[in-house]
Amino acid sequence: MTLQSSAEQCAAYIKKHTSTLVVSHIDADGLTSAAIMGKALGRAGIEYDTRFVKQLDQKSLTMIADSNPELVIFTDLGSGMLEAISSLKLNAVISDHHQPKGTHKYHLNPHLFGINGATEISGSGVTYFLASAMGNNEDLANLAIVGAVGDLQHVKNGQLVGTNRSILEEGVRKGVLRYEKDLLLFGKQTRPVFKLLQYSSDPYLPGITGCEDASIEFLKRIGIRQHGEKWRRWIDLEPPEKQQIVSALIQLCLNSGAHACNVQRLVGEVYTLLSEREGTEVRDASEYSTLLNATARYDHADIGLGVCMGDRGRSFEEACNLLNDHRKNLVDGLTLVKEKGLVKMENLQYFDSGNKIRETIVGIVAGMCSSFVNNKELPIIAFADTDGGVKVSSRGNYDLVRKGLNLGAAIGEAAKAVGGTGGGHDIAAGAFIPAGAKEEFLRVLNRVIGGQVRR
Ligand code: C5P
Ligand code: C5P
Ligand code: ZN
């Protein structure tokens, strides 16, 4: 069996039903997954509702089962809860890329076919396979790529690889996508160029990040001119000007030492959605995915879904408003971590944000702060208070994964040991644990990671 034939089996099963409930995850990959499934169901004439959850646990599963759906399609989640799904006797299809626990008859997951769900295909990519098996849905490749970029699957190799690459090429053939090498800094479509530098947190630009004057000074010094009063956006610059900025940034990073600034993160492949208007947040896959995170991670998944389904009116406008708050929260979160610092243990380092960082974005902050955390030998663990317990997020790096780190397995085991639940990927994972269990959780996690990583 292949991912494709497994998708065909699941698609045939879906088509036996007349109405479904799509349950998905509250991030960019979850939203794009739900949108791909929604479009495919709509085109196949199957009725559907959509619901978003922070994580799939026993409580949310029971609520889903209580609503007596004819069929549930789980997208971008579910693979960690296969036994529970089976025991509730739900008619279900699971279209996910997280590390599986247990088995299920209609379970579409890359790990079952030796494909890596952290780097080669995302939840939206898996769901794109399912949608393609349901009908002519290859135009949805652009949403699948936004989901993959939202899950940072292009980071390891500076470009999308594996199954993601095949989806990308299909999108190019369909005329919905383009890819090219370009500066990776955020905001190329929408922000004046000095803002790109000022707000660059990954990589952290020594002497420039966080400082408007220094950003403007840097550009002036290398001869980039304003147009009248206004700074142009990256997309408005001439190719030689872009080249000049890239060279100067690389020089800056090299001068400040490899640890302070990761040159490899400056330039890489970027993905453009050709059906979207130039200069908007949805034209570039990375900006698009951040726009989506700004909705779903703040209880507004409906707005993000509206954007994915094509609403460029009200949903888009509301999403752009939410984006401003999201960006501010990320900057505030990073500042907090920088000021507080991280606590080191033998095999991990952690910070506890208490109620200062929202549980739904603490994972993003944990990922971004690796750009200024000096110790790259230890994975970063983050805690945030939440209703009735503590949210845990963890982020590693590929050097550690090569040495054996598997955060999904480690976090899962440590969470279970203290009566919580967790899982995810080798490079990034999360959990929910009871209040007061933090110390014990850390002790177990430290031991498990110690057993995984060859020093
Ligand atoms: O829930 P889901 O699988 O969609 O999320 C994957 C997570 O893994 C994302 O939050 C993403 O930021 C994280 N990730 C990471 N670094 C990578 C790859 C993924 O932090 N290189
Ligand atoms: O929430 P966070 O971004 O830290 O999640 C990192 C990864 O761990 C995501 O892929 C997420 O879906 C997964 N996760 C999980 N179970 C949890 C929490 C997070 O599988 N309870
Ligand atoms: Zn995902």
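Engineer: An account of the site of ligand 2 is needed here, citing residue identities and associated values.
Structural biologist: Lining the immediate environment of ligand 2, one finds 16 residues, of which Q55, H98, K391, S393 and R395 sit closest. S393 is positioned with one of its side-chain polar atoms (N or O) 2.5 Å from an oxygen atom of ligand 2. G423 is positioned with one of its backbone polar atoms (N or O) 3.2 Å from an oxygen atom of ligand 2. If ligand 2 stood free it would expose 450 Å²; the protein chains cover 81% of that surface. Looking at the shell around ligand 2, the elements that each hand over two or more residues are β11 (389-395), β12 (421-424) and β13 (428-433). Its residues assigned to classes, the shell around ligand 2 comprises three nonpolar, eleven polar and two charged.

Engineer: I'd love a proper account of unusual backbone geometry, names of residues and values included.
Structural biologist: Although it is not a glycine, N68 sits at a positive phi angle of roughly 50°. The backbone phi angle of D299 is positive, close to 65°, even though this residue is not glycine.

Engineer: If you had to explain helix α11 (residues 285-296) to someone new, which residues and values would you point to?
Structural biologist: With twelve residues, α11 should cover 16 Å at 1.5 Å per step; its first-to-last C-alpha distance of 17 Å lies within 8% of that length. Looking only at α11, the buried set comprises A285, E287, Y288, S289, T290, L291, L292, N293, A294, T295 and A296. Against the buried residues of α11 lie α2 (28-43), α6 (141-150), β7 (267-273), α12 (301-308), α13 (314-340) and α14 (362-369). For α11, the capping residue at the N-terminal end is D284, with a side-chain oxygen 3.1 Å from the backbone nitrogen of S286.

Quick notes on the rules
- Residues numbered from 1 in each chain as written.
- Chains lettered and ligands numbered in written order.
- Predicted model: local features only at pLDDT ≥ 70, side-chain atom pairs only at ≥ 80, totals over all residues.
- Heavy atoms only, no water.
- Near = heavy atom within 4 Å.
- Polar contact = N/O pair within 3.5 Å; in protein donor to acceptor, adjacent residues only side chain to side chain.
- Areas by Shrake-Rupley, 256 points an atom, 1.4 Å probe, with all protein chains shown as cover.
- Helix = DSSP H or I, 4+ residues; strand = E, 2+ residues; numbered from the N terminus.
- Nonpolar A, V, L, I, M, F, W, Y, C, P; charged D, E, K, R; others polar.
- Expected span 1.5 Å × (residues − 1).
- Buried < 20%, exposed > 50% of the residue type's maximum accessible area, 1.4 Å probe, protein only.
- Contact = heavy atoms within 4.5 Å.

These figures capture arrangement, not role.
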